[in-house]
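Residue-level structure breakdown
Below, each chain spelled out in residue letters.
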Amino acid sequence: MFHFLYSQLMRLLVPLVLARFWWQGRHAPALRQNLGQRLGLVQCYSQPVIWVHTASVGEVIAAGPMIRRLLDRKLEARILVTAMTDTGLAQARKMFGDDVDYSYVPLDTPGSVRRFLGRVTPKVAVVLETEIWPNLITQCYRKQVPVFLINARLSERSARGYERVRGLVRPVMQKITWIAAQAEKDAERFRRIGVAPASVEVTGSVKFDVDITEGIRESARQCRQILGARPVWVAGSTHAGEDEQLLEAHRAVLGQHPQALLVIVPRHPDRFGSVAELAVKAGFTVARRSLQQDPAHAQVYLGDTMGELMMLYGAGDMAFVGGSLIERGGHNPLEPAAWGIPVLSGPHVFNFETVYERLRAGEGVVMVQSGDELGQAVVRLMATREERQALGERALAVVNKNRGALDRVVEGIVERL
(Lines give C-alpha, C1' and ligand atoms only; values in the text may rest on other atoms or scores of the structure.)
Protein backbone atom coordinates (compact mmCIF):
# COMPACT_ATOMS: atom_id res chain seq x y z
CA MET A 1 0.00 0.00 0.00
CA PHE A 2 2.78 2.45 0.92
CA HIS A 3 4.58 1.81 -2.37
CA PHE A 4 1.35 2.21 -4.34
CA LEU A 5 0.61 5.56 -2.69
CA TYR A 6 4.20 6.70 -3.26
CA SER A 7 3.99 5.80 -6.97
CA GLN A 8 0.68 7.62 -7.35
CA LEU A 9 2.15 10.72 -5.73
CA MET A 10 5.18 10.60 -8.02
CA ARG A 11 2.91 10.34 -11.07
CA LEU A 12 0.98 13.40 -9.94
CA LEU A 13 4.21 15.33 -9.47
CA VAL A 14 5.63 14.59 -12.94
CA PRO A 15 3.97 17.59 -14.71
CA LEU A 16 5.11 19.91 -11.93
CA VAL A 17 8.67 18.58 -12.01
CA LEU A 18 8.92 18.89 -15.79
CA ALA A 19 7.48 22.41 -15.62
CA ARG A 20 10.08 23.30 -12.99
CA PHE A 21 12.92 22.04 -15.19
CA TRP A 22 11.52 24.07 -18.09
CA TRP A 23 11.28 27.20 -15.92
CA GLN A 24 14.81 26.77 -14.55
CA GLY A 25 15.98 26.34 -18.13
CA ARG A 26 15.65 30.11 -18.59
CA HIS A 27 19.01 30.43 -16.87
CA ALA A 28 20.34 26.89 -17.45
CA PRO A 29 19.36 25.89 -21.02
CA ALA A 30 20.75 22.37 -20.55
CA LEU A 31 17.79 21.61 -18.27
CA ARG A 32 15.42 22.02 -21.23
CA GLN A 33 17.36 19.55 -23.34
CA ASN A 34 16.46 15.87 -23.37
CA LEU A 35 13.39 16.25 -21.15
CA GLY A 36 12.21 12.94 -22.61
CA GLN A 37 15.04 11.23 -20.74
CA ARG A 38 13.30 12.20 -17.50
CA LEU A 39 10.46 9.92 -18.66
CA GLY A 40 12.79 7.06 -19.57
CA LEU A 41 12.95 7.87 -23.29
CA VAL A 42 16.66 7.19 -23.78
CA GLN A 43 18.56 5.59 -26.63
CA CYS A 44 18.25 1.83 -27.11
CA TYR A 45 21.27 -0.39 -26.52
CA SER A 46 22.05 -3.69 -28.19
CA GLN A 47 25.29 -4.23 -26.23
CA PRO A 48 25.78 -4.91 -22.49
CA VAL A 49 25.59 -1.80 -20.29
CA ILE A 50 26.96 -1.01 -16.83
CA TRP A 51 24.74 1.72 -15.47
CA VAL A 52 26.34 4.12 -12.97
CA HIS A 53 23.96 6.57 -11.32
CA THR A 54 25.15 9.70 -9.53
CA ALA A 55 23.08 12.51 -8.06
CA SER A 56 25.13 15.57 -9.03
CA VAL A 57 28.63 17.01 -9.31
CA GLY A 58 30.00 15.70 -6.01
CA GLU A 59 28.95 12.12 -6.68
CA VAL A 60 30.23 12.29 -10.27
CA ILE A 61 33.66 13.31 -8.99
CA ALA A 62 33.56 10.57 -6.35
CA ALA A 63 32.62 8.00 -8.99
CA GLY A 64 35.38 9.15 -11.36
CA PRO A 65 38.21 6.85 -10.21
CA MET A 66 35.82 3.88 -10.08
CA ILE A 67 34.59 4.51 -13.63
CA ARG A 68 38.17 4.84 -14.88
CA ARG A 69 39.07 1.50 -13.25
CA LEU A 70 36.05 -0.15 -14.86
CA LEU A 71 37.05 1.30 -18.24
CA ASP A 72 40.58 -0.05 -17.76
CA ARG A 73 39.14 -3.54 -17.14
CA LYS A 74 37.73 -3.57 -20.71
CA LEU A 75 34.65 -5.46 -19.58
CA GLU A 76 33.04 -5.51 -23.06
CA ALA A 77 30.21 -3.38 -21.76
CA ARG A 78 29.31 0.24 -22.39
CA ILE A 79 29.20 2.45 -19.28
CA LEU A 80 26.17 4.72 -19.00
CA VAL A 81 26.42 7.56 -16.46
CA THR A 82 23.17 9.14 -15.27
CA ALA A 83 22.66 12.14 -13.04
CA MET A 84 19.79 14.16 -11.67
CA THR A 85 21.24 17.57 -12.58
CA ASP A 86 22.56 19.27 -15.69
CA THR A 87 25.71 20.25 -13.79
CA GLY A 88 26.33 16.62 -12.90
CA LEU A 89 26.18 15.52 -16.53
CA ALA A 90 28.36 18.46 -17.58
CA GLN A 91 30.97 17.42 -15.02
CA ALA A 92 30.84 13.80 -16.23
CA ARG A 93 31.30 14.84 -19.86
CA LYS A 94 34.27 16.96 -18.88
CA MET A 95 35.84 13.98 -17.11
CA PHE A 96 35.14 11.16 -19.56
CA GLY A 97 34.37 12.64 -22.97
CA ASP A 98 33.28 9.97 -25.45
CA ASP A 99 34.48 7.06 -23.30
CA VAL A 100 31.06 6.68 -21.67
CA ASP A 101 27.44 7.57 -22.46
CA TYR A 102 25.25 10.04 -20.57
CA SER A 103 21.61 10.53 -19.68
CA TYR A 104 19.38 12.09 -17.08
CA VAL A 105 18.06 9.51 -14.65
CA PRO A 106 14.35 8.81 -15.16
CA LEU A 107 11.88 10.26 -12.69
CA ASP A 108 10.94 7.68 -10.08
CA THR A 109 7.62 6.55 -11.50
CA PRO A 110 7.02 2.90 -12.50
CA GLY A 111 6.46 3.82 -16.15
CA SER A 112 9.52 6.06 -16.52
CA VAL A 113 11.84 3.50 -14.94
CA ARG A 114 10.33 0.63 -17.00
CA ARG A 115 10.87 2.55 -20.23
CA PHE A 116 14.46 3.30 -19.23
CA LEU A 117 15.25 -0.31 -18.33
CA GLY A 118 13.53 -1.58 -21.48
CA ARG A 119 15.81 0.54 -23.66
CA VAL A 120 19.05 0.14 -21.71
CA THR A 121 18.73 -3.43 -20.30
CA PRO A 122 21.71 -2.91 -17.95
CA LYS A 123 23.73 -5.80 -16.59
CA VAL A 124 23.98 -3.99 -13.28
CA ALA A 125 22.94 -0.68 -11.67
CA VAL A 126 25.72 0.94 -9.63
CA VAL A 127 24.22 3.67 -7.46
CA LEU A 128 26.34 6.17 -5.52
CA GLU A 129 25.93 6.91 -1.82
CA THR A 130 22.32 7.61 -0.79
CA GLU A 131 20.32 7.63 -4.01
CA ILE A 132 17.54 5.33 -2.81
CA TRP A 133 14.59 5.55 -5.22
CA PRO A 134 11.83 2.98 -4.51
CA ASN A 135 10.60 2.47 -8.08
CA LEU A 136 14.09 2.42 -9.56
CA ILE A 137 15.17 -0.31 -7.15
CA THR A 138 11.90 -2.26 -7.42
CA GLN A 139 11.82 -2.23 -11.22
CA CYS A 140 15.47 -3.33 -11.37
CA TYR A 141 14.59 -6.21 -9.05
CA ARG A 142 11.71 -7.26 -11.28
CA LYS A 143 13.94 -7.09 -14.37
CA GLN A 144 16.65 -9.10 -12.53
CA VAL A 145 19.10 -6.20 -12.70
CA PRO A 146 21.39 -6.32 -9.63
CA VAL A 147 21.53 -3.02 -7.71
CA PHE A 148 24.79 -2.11 -5.97
CA LEU A 149 24.78 0.85 -3.56
CA ILE A 150 28.39 2.01 -3.59
CA ASN A 151 30.21 4.27 -1.13
CA ALA A 152 27.00 4.05 0.84
CA ARG A 153 26.43 6.31 3.80
CA LEU A 154 23.43 6.85 6.02
CA SER A 155 23.36 9.45 8.77
CA GLU A 156 21.51 8.81 12.00
CA ARG A 157 19.10 11.58 11.06
CA SER A 158 18.28 9.89 7.74
CA ALA A 159 18.01 6.46 9.35
CA ARG A 160 15.41 7.76 11.80
CA GLY A 161 13.53 9.36 8.93
CA TYR A 162 13.45 6.09 6.98
CA GLU A 163 12.29 4.23 10.07
CA ARG A 164 9.23 6.49 10.22
CA VAL A 165 8.18 5.17 6.78
CA ARG A 166 9.31 1.62 7.43
CA GLY A 167 6.40 0.18 5.43
CA LEU A 168 7.71 1.82 2.26
CA VAL A 169 11.44 1.53 2.90
CA ARG A 170 11.94 -2.02 4.21
CA PRO A 171 10.57 -3.89 1.12
CA VAL A 172 12.70 -1.67 -1.12
CA MET A 173 15.91 -2.09 0.87
CA GLN A 174 15.52 -5.86 0.80
CA LYS A 175 15.76 -5.73 -3.01
CA ILE A 176 19.26 -4.21 -3.06
CA THR A 177 21.84 -6.82 -4.05
CA TRP A 178 24.94 -5.35 -2.41
CA ILE A 179 25.71 -2.34 -0.24
CA ALA A 180 29.34 -1.24 0.03
CA ALA A 181 29.16 0.92 3.16
CA GLN A 182 31.68 3.57 4.14
CA ALA A 183 31.82 2.54 7.81
CA GLU A 184 30.38 0.04 10.25
CA LYS A 185 27.94 2.58 11.66
CA ASP A 186 26.57 3.14 8.14
CA ALA A 187 26.25 -0.62 7.67
CA GLU A 188 24.38 -0.97 10.96
CA ARG A 189 21.94 1.77 10.01
CA PHE A 190 21.23 0.09 6.69
CA ARG A 191 20.52 -3.16 8.52
CA ARG A 192 18.15 -1.27 10.82
CA ILE A 193 16.03 -0.08 7.90
CA GLY A 194 15.69 -3.50 6.33
CA VAL A 195 18.79 -4.50 4.35
CA ALA A 196 19.68 -8.17 4.71
CA PRO A 197 22.89 -8.44 6.79
CA ALA A 198 24.50 -10.66 4.14
CA SER A 199 24.04 -7.89 1.56
CA VAL A 200 26.03 -5.28 3.50
CA GLU A 201 29.82 -5.03 3.45
CA VAL A 202 32.06 -2.32 4.91
CA THR A 203 34.52 -1.30 2.20
CA GLY A 204 35.44 2.22 3.33
CA SER A 205 34.96 5.47 1.45
CA VAL A 206 36.15 5.63 -2.15
CA LYS A 207 36.53 9.38 -1.66
CA PHE A 208 39.82 8.69 0.12
CA ASP A 209 41.08 7.39 -3.23
CA VAL A 210 40.91 10.92 -4.60
CA ASP A 211 42.77 11.24 -7.89
CA ILE A 212 44.59 14.49 -8.71
CA THR A 213 45.77 14.16 -12.29
CA GLU A 214 48.88 15.85 -13.61
CA GLY A 215 46.66 18.01 -15.78
CA ILE A 216 44.83 19.35 -12.73
CA ARG A 217 48.13 19.93 -10.93
CA GLU A 218 49.49 21.92 -13.87
CA SER A 219 46.29 23.98 -14.07
CA ALA A 220 46.58 24.71 -10.33
CA ARG A 221 50.16 25.91 -10.79
CA GLN A 222 49.09 28.23 -13.61
CA CYS A 223 46.16 29.54 -11.58
CA ARG A 224 48.42 30.26 -8.61
CA GLN A 225 50.65 32.34 -10.86
CA ILE A 226 47.60 34.39 -11.80
CA LEU A 227 46.61 34.83 -8.15
CA GLY A 228 50.10 35.98 -7.25
CA ALA A 229 52.43 35.66 -4.26
CA ARG A 230 49.89 36.59 -1.60
CA PRO A 231 48.01 34.68 1.11
CA VAL A 232 45.11 32.82 -0.54
CA TRP A 233 42.29 30.95 1.15
CA VAL A 234 39.63 29.07 -0.78
CA ALA A 235 36.01 28.63 0.29
CA GLY A 236 34.52 25.81 -1.76
CA SER A 237 30.93 24.63 -2.30
CA THR A 238 29.39 27.52 -0.41
CA HIS A 239 25.65 28.04 0.14
CA ALA A 240 23.22 30.88 0.75
CA GLY A 241 23.42 32.01 4.35
CA GLU A 242 27.07 31.05 4.41
CA ASP A 243 28.58 33.52 1.93
CA GLU A 244 27.74 36.48 4.17
CA GLN A 245 29.64 34.85 7.03
CA LEU A 246 32.60 34.12 4.77
CA LEU A 247 32.80 37.70 3.57
CA GLU A 248 32.76 39.00 7.14
CA ALA A 249 35.45 36.47 8.04
CA HIS A 250 37.50 37.78 5.11
CA ARG A 251 37.04 41.34 6.35
CA ALA A 252 38.68 40.27 9.61
CA VAL A 253 41.45 38.51 7.68
CA LEU A 254 42.18 41.66 5.65
CA GLY A 255 42.53 43.58 8.91
CA GLN A 256 45.62 41.48 9.72
CA HIS A 257 46.72 40.46 6.21
CA PRO A 258 45.79 43.30 3.82
CA GLN A 259 47.05 41.44 0.74
CA ALA A 260 44.99 38.31 1.41
CA LEU A 261 42.66 36.93 -1.26
CA LEU A 262 39.48 34.94 -0.76
CA VAL A 263 38.61 32.55 -3.58
CA ILE A 264 34.93 31.75 -3.19
CA VAL A 265 33.26 28.97 -5.19
CA PRO A 266 29.46 28.74 -4.78
CA ARG A 267 28.03 25.22 -4.87
CA HIS A 268 25.32 26.03 -7.41
CA PRO A 269 25.96 27.89 -10.69
CA ASP A 270 22.66 29.80 -10.48
CA ARG A 271 24.13 31.68 -7.49
CA PHE A 272 27.30 32.92 -9.20
CA GLY A 273 25.81 36.31 -10.05
CA SER A 274 24.15 36.85 -6.68
CA VAL A 275 27.36 36.03 -4.77
CA ALA A 276 29.34 38.47 -6.94
CA GLU A 277 26.73 41.15 -6.22
CA LEU A 278 26.80 40.31 -2.50
CA ALA A 279 30.58 40.76 -2.35
CA VAL A 280 30.49 44.07 -4.23
CA LYS A 281 27.71 45.43 -1.98
CA ALA A 282 29.80 44.42 1.04
CA GLY A 283 32.54 46.72 -0.23
CA PHE A 284 35.01 44.20 -1.66
CA THR A 285 36.77 44.47 -5.00
CA VAL A 286 35.81 41.39 -7.00
CA ALA A 287 37.29 39.57 -10.00
CA ARG A 288 35.37 36.80 -11.77
CA ARG A 289 37.17 33.82 -13.22
CA SER A 290 34.54 33.24 -15.91
CA LEU A 291 35.23 36.73 -17.29
CA GLN A 292 39.01 36.20 -17.09
CA GLN A 293 39.31 39.30 -14.91
CA ASP A 294 42.72 39.98 -13.41
CA PRO A 295 42.67 39.24 -9.65
CA ALA A 296 45.86 41.21 -8.98
CA HIS A 297 44.03 44.02 -7.18
CA ALA A 298 40.97 42.05 -6.09
CA GLN A 299 40.11 41.07 -2.55
CA VAL A 300 37.62 38.39 -3.63
CA TYR A 301 38.07 36.07 -6.61
CA LEU A 302 34.84 34.36 -7.69
CA GLY A 303 35.31 30.82 -9.00
CA ASP A 304 32.25 30.97 -11.23
CA THR A 305 33.24 28.19 -13.61
CA MET A 306 32.17 24.56 -13.75
CA GLY A 307 34.35 21.65 -12.68
CA GLU A 308 37.33 23.66 -11.40
CA LEU A 309 36.91 23.42 -7.64
CA MET A 310 39.52 20.68 -7.25
CA MET A 311 42.01 22.78 -9.20
CA LEU A 312 41.20 25.94 -7.23
CA TYR A 313 41.82 24.13 -3.96
CA GLY A 314 45.29 23.34 -5.27
CA ALA A 315 45.93 27.02 -5.97
CA GLY A 316 45.23 28.03 -2.36
CA ASP A 317 47.17 27.99 0.89
CA MET A 318 44.23 26.64 2.91
CA ALA A 319 40.60 25.74 2.28
CA PHE A 320 37.24 26.08 3.98
CA VAL A 321 34.71 23.41 2.94
CA GLY A 322 31.22 24.84 2.57
CA GLY A 323 27.79 23.66 3.54
CA SER A 324 29.06 23.41 7.11
CA LEU A 325 28.39 26.82 8.66
CA ILE A 326 24.71 26.20 7.94
CA GLU A 327 22.76 22.98 8.49
CA ARG A 328 23.43 21.65 5.01
CA GLY A 329 25.58 18.74 6.14
CA GLY A 330 28.89 19.71 4.57
CA HIS A 331 30.76 18.69 1.44
CA ASN A 332 33.84 16.64 0.67
CA PRO A 333 36.89 17.78 2.73
CA LEU A 334 39.16 15.19 1.13
CA GLU A 335 39.59 17.24 -2.03
CA PRO A 336 41.61 19.98 -0.29
CA ALA A 337 43.15 17.43 2.10
CA ALA A 338 44.61 15.54 -0.86
CA TRP A 339 46.54 18.69 -1.80
CA GLY A 340 48.20 18.69 1.62
CA ILE A 341 46.77 22.07 2.64
CA PRO A 342 44.94 22.93 5.89
CA VAL A 343 41.24 22.08 5.90
CA LEU A 344 38.74 24.22 7.82
CA SER A 345 35.09 23.42 8.39
CA GLY A 346 31.99 24.52 10.24
CA PRO A 347 30.19 22.18 12.67
CA HIS A 348 27.44 20.82 10.38
CA VAL A 349 29.07 17.87 8.63
CA PHE A 350 26.61 15.00 9.04
CA ASN A 351 26.77 14.14 5.32
CA PHE A 352 30.47 13.30 5.73
CA GLU A 353 30.39 11.94 9.26
CA THR A 354 32.94 9.14 8.78
CA VAL A 355 35.36 11.26 6.77
CA TYR A 356 35.40 14.02 9.38
CA GLU A 357 35.85 11.51 12.20
CA ARG A 358 39.01 10.26 10.48
CA LEU A 359 40.28 13.78 9.87
CA ARG A 360 39.64 14.80 13.48
CA ALA A 361 41.33 11.66 14.78
CA GLY A 362 44.37 12.47 12.65
CA GLU A 363 44.32 16.16 13.66
CA GLY A 364 43.94 17.04 10.00
CA VAL A 365 41.07 19.53 10.19
CA VAL A 366 40.25 22.76 12.03
CA MET A 367 36.60 22.83 13.15
CA VAL A 368 35.02 26.22 13.82
CA GLN A 369 31.60 27.10 15.20
CA SER A 370 31.00 30.41 13.44
CA GLY A 371 32.19 32.81 10.80
CA ASP A 372 34.01 34.82 13.47
CA GLU A 373 35.97 31.75 14.56
CA LEU A 374 36.73 30.98 10.93
CA GLY A 375 38.23 34.42 10.41
CA GLN A 376 40.39 34.00 13.50
CA ALA A 377 41.61 30.59 12.34
CA VAL A 378 42.51 31.88 8.88
CA VAL A 379 44.38 34.84 10.39
CA ARG A 380 46.37 32.48 12.64
CA LEU A 381 47.26 30.06 9.85
CA MET A 382 48.33 32.83 7.50
CA ALA A 383 50.67 34.14 10.22
CA THR A 384 52.25 30.79 11.02
CA ARG A 385 53.80 28.92 8.11
CA GLU A 386 54.96 26.02 10.30
CA GLU A 387 51.48 25.37 11.68
CA ARG A 388 49.97 25.67 8.21
CA GLN A 389 52.41 23.16 6.77
CA ALA A 390 52.02 20.69 9.66
CA LEU A 391 48.21 20.78 9.45
CA GLY A 392 48.30 20.20 5.71
CA GLU A 393 50.67 17.27 6.10
CA ARG A 394 48.41 15.68 8.70
CA ALA A 395 45.38 16.08 6.41
CA LEU A 396 47.23 14.40 3.54
CA ALA A 397 48.40 11.61 5.86
CA VAL A 398 44.77 10.83 6.74
CA VAL A 399 43.91 10.58 3.05
CA ASN A 400 46.82 8.26 2.31
CA LYS A 401 46.18 6.07 5.36
CA ASN A 402 42.59 5.37 4.31
CA ARG A 403 43.11 4.65 0.62
CA GLY A 404 42.11 1.23 -0.72
CA ALA A 405 38.31 1.28 -0.70
CA LEU A 406 38.28 1.82 -4.45
CA ASP A 407 40.03 -1.49 -5.11
CA ARG A 408 37.57 -3.33 -2.86
CA VAL A 409 34.57 -1.72 -4.53
CA VAL A 410 35.75 -2.38 -8.09
CA GLU A 411 36.57 -5.99 -7.27
CA GLY A 412 33.16 -6.37 -5.64
CA ILE A 413 31.40 -5.05 -8.73
CA VAL A 414 33.38 -7.22 -11.16
CA GLU A 415 32.90 -10.36 -9.07
CA ARG A 416 29.14 -9.81 -9.00
CA LEU A 417 28.64 -9.01 -12.68
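For the structure, check the block above.
Scope of this entry: the structure provided in the associated data block.

Cut-offs used in this document
Residues numbered from 1 in each chain as written. Predicted model: local features only at pLDDT ≥ 70, side-chain atom pairs only at ≥ 80, totals over all residues. Heavy atoms only, no water. Helix = DSSP H or I, 4+ residues; strand = E, 2+ residues; numbered from the N terminus. Rg over C-alpha atoms; globule rule 2.2 N^0.38 Å. Buried < 20%, exposed > 50% of the residue type's maximum accessible area, 1.4 Å probe, protein only. Contact = heavy atoms within 4.5 Å. Salt bridge = Lys/Arg side-chain N within 4 Å of Asp/Glu carboxyl O. Pairing = 2+ DSSP bridges. Axes fitted to C-alpha atoms, helices over the stretch in contact; angles between N-to-C directions. Polar contact = N/O pair within 3.5 Å; in protein donor to acceptor, adjacent residues only side chain to side chain. Expected span 1.5 Å × (residues − 1). Arc of directions from axis to C-beta. Disulfide = S-S within 2.5 Å. Phe/Tyr/Trp six-rings, centres within 6.5 Å; stacked < 30°, edge-to-face > 60°. Parallel < 35°, antiparallel > 145°, perpendicular 65-115°, else oblique.

1. Regarding the overall build of the protein chain
Each helix and strand in the protein chain was counted, giving 17 helices and 14 strands. A compact globule built from 417 residues should have a C-alpha radius of gyration of about 22 Å, and the protein chain, at 22 Å, falls within 12% of that. When the backbone C-alpha atoms are referred to their principal axes, the protein chain occupies close to 65 × 45 × 45 Å. When burial is assessed residue by residue, the protein chain has 54% of its 417 residues classed as buried. The contacts of the protein chain with a sequence gap of at least 6 include a subset with a gap of at least 24, amounting to 66%.

2. Some details on the pattern of salt bridges
Scanning the model with the defined rule gives 25 salt bridges in all. If you follow the salt bridges from partner to partner, you end up with Glu 156, Arg 160, Glu 163, Lys 185, Arg 189, Arg 192, Glu 353 and Glu 357 in one network.

3. Some remarks on the sheet that holds strand 6 (residues 178-181)
Spatial strand order, 3-2-1-4-5-6-7: seven strands in an open sheet with parallel pairing. Either end of the sheet is taken by a strand with one partner, and the two such strands are strand 3 (101-104) and strand 7 (200-202). The mean inter-strand angle of the sheet, taken between neighbouring strand axes irrespective of direction, is 20°. With four bridges joining them, strand 2 (residues 78-83) and strand 3 adopt parallel strand pairing. Across the sheet, the residue bridging to Leu 80 is Asp 101, located in strand 3.

4. Thoughts on the side chain of Asp 243
Inspection of the secondary structure puts Asp 243 in helix 10 (residues 243-256). Note on Asp 243: relative accessible area 1%, which makes it buried. Side chain to side chain, Asp 243 and Thr 238 meet in a polar contact 2.7 Å long. Side chain to side chain, Asp 243 and Arg 271 meet in a polar contact 2.2 Å long. Other than its neighbours up to four places away in sequence, Asp 243 contacts Thr 238, Ile 264, Arg 271, Val 275 and Leu 278.

5. Thoughts on the sheet that holds strand 14 (residues 366-367)
Taken together, the seven strands give an open sheet; going across it, the order is 10-11-9-8-12-13-14, and neighbouring strands pair in parallel fashion. Edge positions in the sheet fall to strand 10 (286-288) and strand 14, since each of these pairs with one other strand and no more. Across the sheet, helix 10 lies against strand 8 (232-238), strand 9 (261-266), strand 11 (300-302) and strand 12 (318-321), angled at about 175° from strand 8, the strand it touches most.

6. Examining helix 10
Here helix 10 is 14 residues long and its end C-alpha atoms lie 20 Å apart, about the 20 Å a rise of 1.5 Å per residue gives. Taken together, the buried positions of helix 10 are Asp 243, Leu 246, Leu 247, Ala 249, His 250, Val 253 and Leu 254. The buried side chains of helix 10 occupy one side of the element, clustering within an arc of 160° when seen end-on. Across helix 10 from its buried face, at more than 90 degrees, point the exposed residues Gly 255 and Gln 256. Structurally, helix 10 contributes buried residues whose contacts are with strand 8, strand 9, helix 11 (272-281), strand 11, strand 12 and helix 15 (371-383).

7. Description of the state of the cysteines
Taken as a whole and assessed by the stated rule, the structure comprises zero disulfides. As a non-bridged cysteine, Cys 44 has Cys 140 as the owner of its nearest cysteine sulfur, 17 Å distant.

8. Focus on the packing of aromatic side chains
The tally for this structure, following the rule as stated, stands at two aromatic pairs. With a centroid separation of 4.6 Å and 50° between ring planes, the pair formed by Trp 51 and Phe 116 is classed as tilted. One end of the pair, Trp 51, is in strand 1 (residues 49-53); the other, Phe 116, is in helix 4 (residues 110-120), with 65 residues separating them in the sequence. The exposure class of Phe 116 is buried, given its relative accessible area of 0%. Each ring, one from Phe 148 and one from Trp 178, has its centre 5.8 Å from the other, and the planes form 85°; the classification is edge-to-face. One end of the pair, Phe 148, is in strand 5 (residues 147-152); the other, Trp 178, is in strand 6, with 30 residues separating them in the sequence.

9. A closer look at the pairing of strand 5
Within strand 5, six of the six residues are buried, leaving the element largely enclosed by the surrounding structure. Summarising the sheet, strand 5 and strand 6 pair through three bridges and their orientation is parallel. Opposite Phe 148, over in strand 6, you have Trp 178 as the bridge partner.

10. A look at the packing of helix 15 against helix 16 (residues 385-401)
Between helix 15 and helix 16, whose axes approach to 5 Å, the crossing angle comes to 105°. Classified by the angle their axes make, helix 15 and helix 16 are roughly perpendicular. Here Arg 380, Leu 381, Met 382 and Ala 383 of helix 15 lie close against helix 16, whose contacting residues are Arg 385, Glu 387, Arg 388 and Leu 391.

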